[in-house]
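Structure at a glance
For reference, the chains in residue letters:
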Amino acid sequence: MAALQELVNHYNHWIAVFLMVAGLYVVVARGNMVKKLVGLSLFQTSVYLIYLTPGKIIGGTAPILSDEFTVYSNPLPHVLILTAIVVGIATIALGLALVVRINEAFGSIEEDEIFEKDVEA
Amino acid sequence: MVLLTLMAIVTIGVVRLRNLFAVVILGGIYSFLMASVMIMLDAVDVAMTEASVGAGISTVLMLGTLYLTKMEETRPAHTPLLPLFVAVVTAGGLIYGTIDLPPFGDAAGIIHQHVAPHYLQNSIVETSVPNVVTSVLASYRGFDTLGETVVIFTAGIAVLLLLKGRRPASEPDSNAAKARSRRRRPKA
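Presented here is an overview of the structure given in this document. (Residues numbered from 1 in each chain as written. Chains lettered and ligands numbered in written order. Predicted model: local features only at pLDDT ≥ 70, side-chain atom pairs only at ≥ 80, totals over all residues. Heavy atoms only, no water.)

**So, the packing of helix H2 (residues 33–55) of chain A against helix H1 (residues 2–16) of chain B**
Just so we agree on the cut-off: Only the contacting stretch of a helix is used when fitting its axis, a line to C-alpha atoms as for every element, and angles between N-to-C directions run 0 to 180 degrees. For the purposes of this entry, the term helix denotes a DSSP run of H or I that reaches at least four residues, the term strand denotes a run of E that reaches at least two, and both are numbered from the N terminus. Small angles under 35 degrees read as roughly parallel and large ones over 145 as roughly antiparallel, with 65 to 115 read as roughly perpendicular and the rest as oblique. Left-handed describes a crossing whose near helix is turned anticlockwise from the far helix through less than a right angle; right-handed describes the clockwise counterpart. We call two residues contacting when some pair of their heavy atoms lies within 4.5 Å. Under the grouping applied here, Gly and all other residues not named as nonpolar or charged are polar, the nonpolar ones being Ala, Val, Leu, Ile, Met, Phe, Trp, Tyr, Cys and Pro and the charged ones Asp, Glu, Lys and Arg.
The geometry of H2(A) relative to H1(B) is characterised by a closest axis approach of 11 Å and an angle of 160 degrees between their N-to-C directions. Classified by the angle between their axes, H2(A) and H1(B) sit roughly antiparallel to one another. You can see that H2(A) and H1(B) cross each other, and the crossing is left-handed. Along its contact with H2(A), which presents Lys35(A), Val38(A), Leu42(A) and Leu49(A), the element H1(B) presents Leu4(B), Thr11(B), Val14(B), Val15(B) and Arg16(B). Partitioned by chemical class, the residues of the contact of H2(A) with H1(B) number 6 nonpolar, 1 polar and 2 charged.

Structural data, given as structure tokens:
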């Protein structure tokens, strides 16, 4: 019973940890640059989950003030994560533009092939 | 909980698949699931942003890049043992850290004791905006949001500069790239 309670209390955190290390693994282990960027965005979104989870109050509602409600979830993580999402898409877009240019210069988006061609050149 | 489990399954798909098109589409599905989880966590503004930016724009940008590059990923030359080891050790450390975190949905958590009640109580009086997320983002922390827009603007300029110097040999491609850059500008 205690173990079940622990699972309910920390399920969000554990899934966020899983998403985070999955993103980390993709970034480190895969040589394909588009795949690396997908891994990077997995990593970023897991952080959103970690931030938003403690802001929730059970029985609370979204932080839009109204006479009908008294308990609101914490608005501050929402503000932080709104900023994080927008900055995240900026970095992803920049990374993808770099990938397009690298593909033009080397004819490949695989890390190993690019290193080989770089040594030749 | 069901949504979170689905997200974990989609993530396994993203890690295992080699067809990049499928990976990008799964990324879109993942973002929609994330947006649904955010609604469950009462973060409605964030959910809307995630659905439009995460599932919409980033999927479009990724597909545009795939169009300009390649669809298939080659088999990795190295064994994935070392990264796997790093990932597992990191996961172990992080899960050890989560044990001390306050339980989910607890109104007595530290996060709810500090400045958050001030914003919730005084938002109407000080800014007359009922949506507290909006009032913090645009009024209390307006300068930070301005700084954020500068970041987006800089990234937009950098993307334009990178894609502008492309060779004219692939004319339709560079048109597509320009269209992509133009589309992401108004997001700032």
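**Re the environment of Val99(A)**
To be explicit about the condition: The buried label applies to any residue whose accessible area, calculated with a 1.4 Å probe on protein chains only, is under 20% of its type's maximum; exposed applies above 50%, and partly exposed to all values in between.
Here Val99(A) lies in helix H3 (residues 75–106). Assessed through its relative accessible area of 4%, Val99(A) is described here as buried. Sequence spacing of Val99(A) and Ala29(A) is 70 residues, and the spatial spacing of their C-alpha atoms is 18 Å. Residues in contact with Val99(A), not counting those within four places in the same chain, are Met33(A), Val34(A), Leu37(A), Ile109(A), Thr65(B) and Thr69(B).

**Thoughts on the pattern of salt bridges**
All names here are of chain B. Convention followed: The salt bridge definition used is simple: a Lys or Arg side-chain nitrogen within 4 Å of an Asp or Glu carboxyl oxygen.
Taken as a whole and assessed by the stated rule, the structure comprises 3 salt bridges over all chains. The salt bridge involving Arg141 is made with Asp144; its shortest N-O contact spans 3.7 Å. Given a relative accessible area of 41%, Arg141 falls into the partly exposed group. Look at Asp144 and you get partly exposed, because its relative accessible area is 47%.

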